[in-house]
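Structure assessment
Below are the chains, spelled out letter by letter.
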Amino acid sequence: MSLRAKTKYVPPNKPAANAGITLFCSAGAVGCLWVRLVLAEKDVDGARLQVERPGRPSEDLALLNPTHALPTLADRDTVIYPARVIVEYLDERYPHPPMMPPDPAQRARLRMVLDRIEADLYPLLPAAENPTSASGREARKRLVERLVGSAPLFGGRSWFLGQDHSIVDSAWTALFWKIAEIRLDLPPSADPLRRYAQRAFARAAVSRLMQATR
């Protein structure tokens, strides 16, 4: 899957105001990456990232969130999790640029798409990271099948729901980022996904985050 950018995106909106927030996350979890992508799109100044070790929560995380769920966002006295709740909170808290559609029907559609991504695609990634195991091969096969089945949904629009980039696009971007990391091969029938991923990776916010995580 080619990751080369063909275009350069310049965000039209001003950055959000200084946040003073902390995101507790793990290094490789796709939900944590999704939240980081939304933070990057919002260009939230002053946001602090605290990477947690699996099974060994820091004292700060244990105090703020007894469930130790990752990602967890702390914004002053407010503690928020999981990823889906965090990204919607961030869009309301930092409204520039907006990443939720203004129309109720479009917002409902966005949430239905997120339900599918979180239920059918994200859970396959941990097993798919190990292509040598039987469970890993099966997860990779199912992931390819489901992505190919989604390919027709990506044609004819700039972004998934239309002309505006939204939190569902950041969710897809996180998925394609992980797919590239685990070197999952997609067939030619997935070309609409490949083109979409190239546009997503070419965004300034995504490019900055990619550079920061290398």
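Provided above is the structure to which this section pertains.
No experiment lies behind these values; they were computed from the predicted model shown.

By the secondary structure assignment, Glu-129 is in the loop between α5 (125-128) and α6 (134-150). Owing to a relative accessible area of 44%, Glu-129 belongs among the partly exposed residues under this scheme. Sequence-wise, Glu-129 and Pro-71 are 58 residues apart; in three dimensions their C-alpha atoms are separated by 20 Å. The contacts of Glu-129, once residues within four sequence positions are left out, are Lys-178 and Ile-182.

This part covers the packing of aromatic side chains. Counted by the stated rule, this structure contains nine aromatic pairs. Aromatic side chains Phe-154 and Trp-172 sit 4.9 Å apart centroid to centroid with 75° between the ring planes, which places their arrangement in the edge-to-face category. With Phe-154 in the loop between α6 and α7 (167-181) and Trp-172 in helix α7, this pair connects stretches of sequence that are 18 residues apart. Both rings, one in Trp-159 and one in Tyr-196, keep their centres 5.9 Å apart while their planes meet at 80°; by these two values the pair is edge-to-face. Here the residue Trp-159 occupies a position in the loop between α6 and α7, and Tyr-196 occupies one in helix α8 (residues 191-201), the gap between them amounting to 37 residues. Residue Trp-159 is classed as buried on the basis of its relative accessible area, which comes to 10%. A relative accessible area of 0% places Tyr-196 in the buried class. Seen from the ring of Phe-160, Arg-157 lies directly overhead, with NZ or CZ sitting 5.7 Å from the centre.

Rules of the game
Residues numbered from 1 in each chain as written. Predicted model: local features only at pLDDT ≥ 70, side-chain atom pairs only at ≥ 80, totals over all residues. Heavy atoms only, no water. Helix = DSSP H or I, 4+ residues; strand = E, 2+ residues; numbered from the N terminus. Buried < 20%, exposed > 50% of the residue type's maximum accessible area, 1.4 Å probe, protein only. Contact = heavy atoms within 4.5 Å. Phe/Tyr/Trp six-rings, centres within 6.5 Å; stacked < 30°, edge-to-face > 60°. Lys NZ or Arg CZ within 6 Å of the ring centre and 35° of its normal.

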